[in-house]
Amino acid sequence: MNLKKRMMSLMVAGLMTAGLAACTTTPPTTTPAGTAAPTTTAVATTTPSTTPPATTAPTGEIKFKPGTYKGEAEGFHGPIKVEVTLSETAITDIKVEQTETEGVGDKAIESIVALIKSGTTLKVDAVSGATYSSKGILEAVTAALTSAGADIEALKNKTAGPGGTTGDVEKTTDVVIIGGGGAGLSAAMSAHENGAKVIVLEKMSRLGGNTIISGAAYNAADPKRQAALTMTDLEKKTVEGILEMTFDDAKVKTWQETLKQEWKEYTDSKKTTLFDSPSMHKLQTYLGGDKKGNPELIDVLCENTYPTIEWLEAKGMLFKDYIFTVLGGLWSRAHKPEKPLGTGFVQTYEDYIEKNKADIEVLLDTKAEDLVMEGGKIVGVIAQGKTGKVTVRASKGVIIATGGFGANVEMRNKYNTSLWPDLTNIKTTNHTGATGDGIAMAEKVNAGFTGMEYIQLLPMGDPETGSLSGNIEQGVQNRIFVNKEGKRFVDEGARRDVMTKALMEQTDSYMWVIVDKNSYPTGDTINNFNESIDDLVAAGRAFKGETLEELAGKIGVDPAAFVKSVEDFNKAVDGAKDEFGRTLFDKKLDTAPFYAGARVPTVHHTMGGITIDAQAHVLDQDGKAIPGLYAAGEVTGGIHGTNRLGGNALADINVFGRIAGQNAAGAK
Ligand code: ADP
């Protein structure tokens, strides 16, 4: 493994550790009462005091000998050298020379230096996923301070909150955003672009939420990139099947009319490239959620998803130039970021924030607990910081972007009515912070909720951790699933809920993903988690066989049944009818080496949440907008119906984050 890959793996491993702990998260003491609306009216928090905002408390008793001092320590790639300048009472400057990994180690150093300086403290946590760089910078600064004769013990024990504060904090701004994942940070960019000053409250000590550890596939009809793909006969049948359906909803009928027109133009043109359009995406999203999604919201999602790609690209986001079909995505319209997982998205948001830090402030380790309501309008947020209460008043609006509740076992059991068996012992792909806090806050101000019972599981969890790491699939077309008996059991191109339910019926709810050399042309080809197939095999997390029989022996399935499963699949690739009705094919599984990786069901996404309108206003239980309050991302409900299509989450959080930011800033 080269150094860059080693660093990325380290980062991913760090992120996964965060995800791992999710299974043991203690649910919050306040849990919402659910879709069944509480009869009481808003339990709004009282007005904050009228004292002037944003006071930074004094730095405490620590005294320094003014001057500039040097220190050095080992980072991940080599030495980290610092020059620390001290006044009598504060660390006024830290200059750093380092060669850490771009986008990971250097970012960790930046944020740690900012915390050391703002708090005049050495009590700063390592950044998850960049442990060596974090340790290196802390040691280098400690060395410099030691040579200055500073009281290191006192500095290591000094707790400082946001901006170096040591007590309660009050701040004012235009827009407050609760949650620094994809929805919150795209909202921050958008609110700022529309003229607002912004404060983001994030309860964890890093930004990114579930977004940074997601597969990060982003759906959008994209004629340019999709032009490289060929339309198959089975895909034509899928379009024709949708055109033959009957719909009741007036808006959905208009989508079907548009699709009919587009399909005619396409067939008249005799094109052979893959057909797609926002209407096709809308209809598949609606059907994929069993017609339970709100057509108004689906319309906004699918109309804006491609323009939002362009918006992100203009800010530096890089996507690969090919399109793929993501697990449960049903169509080849998923865009893959250049960087692994969701790191490219988060990097883009962070770069924007860094460039505009005069107007966008991020408060980490700051957990929002209550919305402030005055005269029926939301005017601020009360949070708990490291050293006390943080009250932020917002002159324009508050956006809830706290993500889902997949890591909150108590909440998911409460809302999981009938769709799934008991979810207590099912692991999750989520980070530990996905505990549904936004639901609890919104409930206290009488917000409405939609579809809380719709919880998404994937059939793709690591058997040990539930995470997506170690997943060897490279898109839907070129892999099959077999059970412990070596037999296929489902259409592997189906909806996520369909595949997971089928998996739950197999022995031990356990399956193997099977791919061949087409997916991994070389041993150092990486999966979506930056893990090479050779490394996965060496770690015993994937298995390799030069023949199908050898692979069957290694994974302990009946060789005859296994070989027959692959042969039957290959016949379907050649045009025979697939026994499970699969429609998404590309190449046969016929080129050694063959690989297998084990997978189990895992909780992934919560489709239900706060009811919003197409402008991202939060609606109350009577369907009326709550003034000053917006929501975006996984915390909202109503877009995806019973089942979210793979690749629609990153689109949703960016599209609706952008809209929420724009509207909260008062642009509309
Ligand atoms: P989305 O995809 O909707 O953006 P994410 O899970 O990526 O969701 O991000 C949600 C973010 O909100 C996470 O970083 C999470 O830690 C943060 N968060 C959750 N609850 C709170 C809270 N009470 N206060 C501040 N931040 C929160």
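Structure first, text after, so check above.
Quantities reported herein were computed from a predicted structural model and do not represent experimental measurements. (Residues numbered from 1 in each chain as written. Predicted model: local features only at pLDDT ≥ 70, side-chain atom pairs only at ≥ 80, totals over all residues. Heavy atoms only, no water.)

Visitor: Looking at this model, I keep getting lost on the overall build of the protein chain. Mind explaining?
Guide: Secondary structure summary: the protein chain contains 18 helices and 22 strands in total. Per-residue burial over the protein chain gives 59% buried out of 668 residues. Excluding contacts between residues fewer than 6 apart, the proportion of contacts in the protein chain whose partners are at least 24 apart in sequence is 74%. Summed over all atoms, the accessible surface of the protein chain reaches about 25,600 Å², with 51% contributed by carbon and sulfur. (Helix = DSSP H or I, 4+ residues; strand = E, 2+ residues; numbered from the N terminus. Buried < 20%, exposed > 50% of the residue type's maximum accessible area, 1.4 Å probe, protein only. Contact = heavy atoms within 4.5 Å. Areas by Shrake-Rupley, 256 points an atom, 1.4 Å probe, with all protein chains shown as cover.)

Visitor: Is there a simple way to think about the packing of helix H5 (residues 182-193) against helix H18 (residues 648-664) in this case?
Guide: Two numbers describe a pair of packed helices, the interaxial angle and the distance between the axes. The interhelical angle for the contact between H5 and H18, taken along N-to-C directions, is 40°, at an axis separation of 7 Å. Considering the angle they form, H5 stands oblique to H18. Of the two possible hands of crossing, H5 and H18 adopt the one that is right-handed. Judged by residue contacts, Gly 182, Ala 183, Ser 186, Ala 187, Ser 190 and Ala 191 of H5 engage Ile 653, Asn 654, Gly 657, Arg 658, Gly 661 and Gln 662 from H18. Considered class by class, the residues forming the contact of H5 with H18 number four nonpolar, seven polar and one charged. (Axes fitted to C-alpha atoms, helices over the stretch in contact; angles between N-to-C directions. Parallel < 35°, antiparallel > 145°, perpendicular 65-115°, else oblique. Left-handed = near helix turned anticlockwise from the far one by under 90°. Nonpolar A, V, L, I, M, F, W, Y, C, P; charged D, E, K, R; others polar.)

Visitor: I tried to follow the environment of Glu 567 on my own but got confused; where do I start?
Guide: Note on placement: Glu 567 falls in helix H17 (residues 559-573). When its relative accessible area of 44% is taken as the criterion, Glu 567 is described as partly exposed. In this structure the C-alpha to C-alpha distance between Glu 567 and Lys 588, which are 21 residues apart in sequence, comes to 8.9 Å.

Visitor: I would appreciate a short explanation of the packing of aromatic side chains in the present structure.
Guide: Describing an aromatic ring pair means giving the distance of the ring centres and the angle of the ring planes. Summed over the entire model, instances satisfying the criterion amount to 14 aromatic pairs. Stacked on the ring of Phe 324, the Lys or Arg Lys 336 has its end atom at 4.7 Å from the ring centre. For Lys 484, the ring lying beneath its charged end belongs to Tyr 510, and the centroid distance is 4.6 Å. (Phe/Tyr/Trp six-rings, centres within 6.5 Å; stacked < 30°, edge-to-face > 60°. Lys NZ or Arg CZ within 6 Å of the ring centre and 35° of its normal.)

Visitor: Would you mind going over helix H2 (residues 105-119) with me for this structure?
Guide: Since there are 3.6 residues in each turn of an α-helix, residues three or four apart along the chain are aligned in direction. Its 15 residues place the ends of H2 21 Å apart at the C-alpha level, agreeing with the 21 Å of an ideal helix rising 1.5 Å per residue. Where H2 is concerned, the buried positions are Gly 105, Asp 106, Lys 107, Ala 108, Ile 109, Ile 112, Val 113, Ile 116 and Gly 119. Looking at the residues trailing H2, positive phi occurs at Thr 120, about 40°. (Expected span 1.5 Å × (residues − 1).)

Visitor: What should I look at first to understand the sheet that holds strand E22 (residues 636-637) in this one?
Guide: To summarise the sheet geometry, strands pair through backbone hydrogen bonds and adopt either a parallel or an antiparallel arrangement. Taking strand neighbours across the sheet as the criterion, the three strands line up as E13-E19-E22 in an open arrangement whose pairing is mixed. On the outer flanks of this sheet lie strand E13 (449-450) and E22, each paired with one strand and no other. (Pairing = 2+ DSSP bridges.)

Visitor: Is there a simple way to explain the side chain of Ser 565 in this structure?
Guide: Here Ser 565 is to be found in helix H17. The exposure class of Ser 565 is buried, given its relative accessible area of 9%.

Visitor: Can you walk me through unusual backbone geometry in this structure?
Guide: The general pattern is negative phi for most residues beyond glycine and trans for most peptide bonds. In this structure, Pro 593 follows Ala 592 across a cis peptide bond, with omega equal to 0°. Of note, Pro 593 is situated in the loop between H17 and strand E18 (594-606). Not every positive phi belongs to a glycine, and Asp 290 is a case in point at roughly 55°. With respect to the element layout, Asp 290 can be found in the loop between helix H9 (278-288) and helix H10 (295-313). A residue is classified by how much of its surface remains accessible, and Asp 290, at 39% relative accessible area, is partly exposed.

Visitor: Can you help me understand the site of the ligand in this one?
Guide: Around the ligand, the surrounding shell holds 27 residues, and the nearest of these are Ala 183, Glu 202, Thr 211, Asp 437 and Glu 634. Between the ligand and the protein, one listed contact pairs an oxygen atom with a side-chain N or O atom of Thr 211 at 2.6 Å. Between Asp 437 and the ligand, the recorded distance is 2.9 Å, taken from a side-chain N or O atom to a nitrogen atom. Look at the ligand: alone it shows 580 Å² of surface, and the protein chains cover 98% of it. (Near = heavy atom within 4 Å. Polar contact = N/O pair within 3.5 Å; in protein donor to acceptor, adjacent residues only side chain to side chain.)

Visitor: I keep staring at the sheet that holds strand E6 (residues 218-219) and nothing clicks. Help me out?
Guide: With respect to topology, three strands assemble into an open sheet ordered E6-E8-E7, the strand pairing being antiparallel. Two strands close off the open sheet at either side, each with one partner strand: E6 and strand E7 (319-324). One ladder, built from two bridges, connects E6 with strand E8 (residues 334-337); its direction is antiparallel. Directly across from Tyr 218, in E8, lies its bridge partner His 335.

Visitor: Before we go on, may I ask you to explain the environment of Ala 616 in this structure?
Guide: Within the fold, Ala 616 resides in the loop between strand E19 (609-611) and strand E20 (617-619). With 43 residues separating them along the chain, Ala 616 and Ile 659 place their C-alpha atoms 6.6 Å apart. Those residues within four positions of Ala 616 in sequence are excluded, and the remaining contacts are Leu 629, Tyr 630, Ala 631, Phe 656, Ile 659 and Ala 660.

Visitor: When you look at the nonpolar core in this model, what are you seeing that I'm missing?
Guide: Membership of the largest hydrophobic core comes to 105 residues, with the highest contact counts inside it found for Tyr 218, Leu 371, Ile 610 and Phe 656. By size, the runner-up hydrophobic cluster in this structure holds 30 residues, among which are Phe 64, Leu 138, Ala 144 and Ile 152. (Core = buried A, V, L, I, M, F, W, Y, C linked by side-chain atoms within 4.5 Å.)

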